[in-house]
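Structural overview for review
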Amino acid sequence: MNTIQSDIKITKTKATKIHDVDFDNLNFGKVFSDHMLVCDYKNGKWQAPEIVPYQSLTLDPSAKIFHYGQSVFEGMKAYKDSYGSIFLFRPIENCKRLNISSKRLAIPELPEDYFMEGLKTLLKVDSDWIPTKEGSSLYIRPFVFASGNGFHASPADEYKFIICCAPSGAYFSGKVKVLIEEKYSRSANGGVGFAKAGGNYAGQFYPTQLAVEKGYQQVIWTDDTNHEYIEEAGAMNIFVRINDTLITGPTSDRILDGITRKSIIELAKSEGIPVEVRKITVSEVVEAAKNGSLKEMFGAGTAAVVSPISGFGYKNTDYALPELQDTYANYLKKRITDIQTNKSEDPFGWRYEVE
Ligand code: PLP
Ligand code: COI
């Protein structure tokens, strides 16, 4: 493993864009901070990472990313508390998962300190870009892609690791109505569903467009064999509450091992909420909706945090979820965001201060 030998080289922008940004009305991932981290893989090794002004890239048209889709990414958030301290949430997990994804796509793994030191340096340089308004954060997008050239269908010999940041508001503006998928699949056994590979998302866009045309915002993916089990949402893991029990599917080759998902499982258990990690059949969810025992469904992910579902469609029928006063979704969302933003104790050791 190569390790960072010296301080990361920083080239600062000559003209900040920060004054053009309305921090009170942020969309998700639409404006980008002044700097980015760039690190090249060539001659068989990752080169020293650098911080440079945010800028466009120049790539050869034969770069393998364009043809064979070798690309993986992560999603993280940075928060700033009222004292100006900067926090991340379980960042080493993102670094490890980036390498799990890279390995599956035959992309060279990145040394952990390149990721962590690079990220921390970038956040310190762009610290003014971290929003403090409730519900906003600096969304961080680390990604690796094949920049090496050639039409041969084999792994590239050159890659780029980049981290860029977008001060962002909520991913969804309200509750989400979802469609349980009966035909298309997001992933398959032995495939790349567990990896955060760019192509996984491209493959979801068309079925999601069809769902949007029918009035839904997201697809709930089911297993590719018989579409019998509920697996995950487009950019979130999925939780179902039947009576008082919170249920989520087990991870597999087909499901992304979400950091929010595993945090919610631990949090809920520690609060005495009954939690089951087991396969969830579509038929039991439909049955529970019919008999009134289905209390809540919500998605969980970094961008979406905890996103309540208002109802679902399945086999041309819509099922509405009840409007509850006290929901697990709201409770767990508050618990997790209070930990993330340094508003509460962190008994799990998940919060990571950038010093
Ligand atoms: N599932 C998919 C397909 C995702 O894209 C995401 C988002 O990252 C998640 C689940 C949730 O993962 P995490 O909580 O680590 O962000
Ligand atoms: C995230 O939650 O960070 C993700 O990467 C999902 C993304 C597709 C917005």
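Just so we're clear, the structure is a prediction, and the values are computed from it rather than from any experiment.

Our next topic: the site of ligand 2. In the vicinity of ligand 2, the contacting residues are Phe73, Gly75, Tyr139, Arg141, Tyr171, Lys196, Tyr201, Ala235, Thr302 and Ala303. Taking Tyr139, its side chain carries an N or O atom lying 2.5 Å from an oxygen atom of ligand 2. Lys196 is positioned such that a nitrogen or oxygen atom in its side chain is 2.7 Å from an oxygen atom of ligand 2. For ligand 2, whose accessible area on its own is 290 Å², the fraction buried by protein is 90%. Residues belonging to the shell around ligand 2 are distributed by class as follows: six nonpolar, two polar and two charged. Formed jointly, the shell around ligand 2 draws a minimum of three residues from each of two domains, domain 1 (9–168) and domain 2 (176–338).

Although it is not a glycine, Asn43 sits at a positive phi angle of roughly 50 degrees. With a phi angle near 45 degrees, Arg90 is a residue other than glycine that sits in the positive phi range. Positionally, Arg90 belongs in the loop between strand E7 (86–89) and helix H2 (91–104).

In this section: the site of ligand 1. Taken together, 16 residues form the shell around ligand 1, and within it Lys196, Tyr201, Glu232, Thr260 and Thr302 come nearest. Within the backbone of Ile259, a nitrogen or oxygen atom sits 2.8 Å from an oxygen atom of ligand 1. Contacts to ligand 1 include Thr260, whose side-chain N or O atom sits 2.6 Å from an oxygen atom. Computed on the free molecule, ligand 1 has an accessible area of 380 Å², of which 97% lies beneath the protein chains in the complex.

About the criteria used
- By convention here, each chain's residues receive numbers from 1 onward along its written sequence.
- Starting at A for chains and at 1 for ligands, labels are handed out in the order in which the entities are written.
- Restriction of local features to residues with pLDDT of at least 70 applies here, the model being predicted, together with a cutoff of 80 or more for giving and counting side-chain atom pairs; totals for whole chains, interfaces and linings are based on all residues.
- Here the side-chain values reflect all heavy atoms present in the structure, with hydrogen atoms and water set aside.
- Near residues are defined by distance, with any heavy atom within 4 Å of the molecule or strand qualifying the residue.
- Residues adjacent in sequence count toward polar contacts only when both atoms are side-chain atoms; beyond that, a polar contact is any pair of N or O atoms within 3.5 Å, and within protein one must be able to donate a hydrogen and the other to accept it.
- A 1.4 Å probe and the Shrake-Rupley method give the accessible areas. Residues count as covered only by the protein chains that appear here.
- Gly falls in the polar group here, along with every residue not listed as nonpolar (Ala, Val, Leu, Ile, Met, Phe, Trp, Tyr, Cys, Pro) or charged (Asp, Glu, Lys, Arg).
- The split of the chain into domains comes from an automatic or database domain assignment.
- The helix count covers DSSP runs of H or I at least four residues long, the strand count covers runs of E at least two residues long, and both are numbered beginning at the N terminus.

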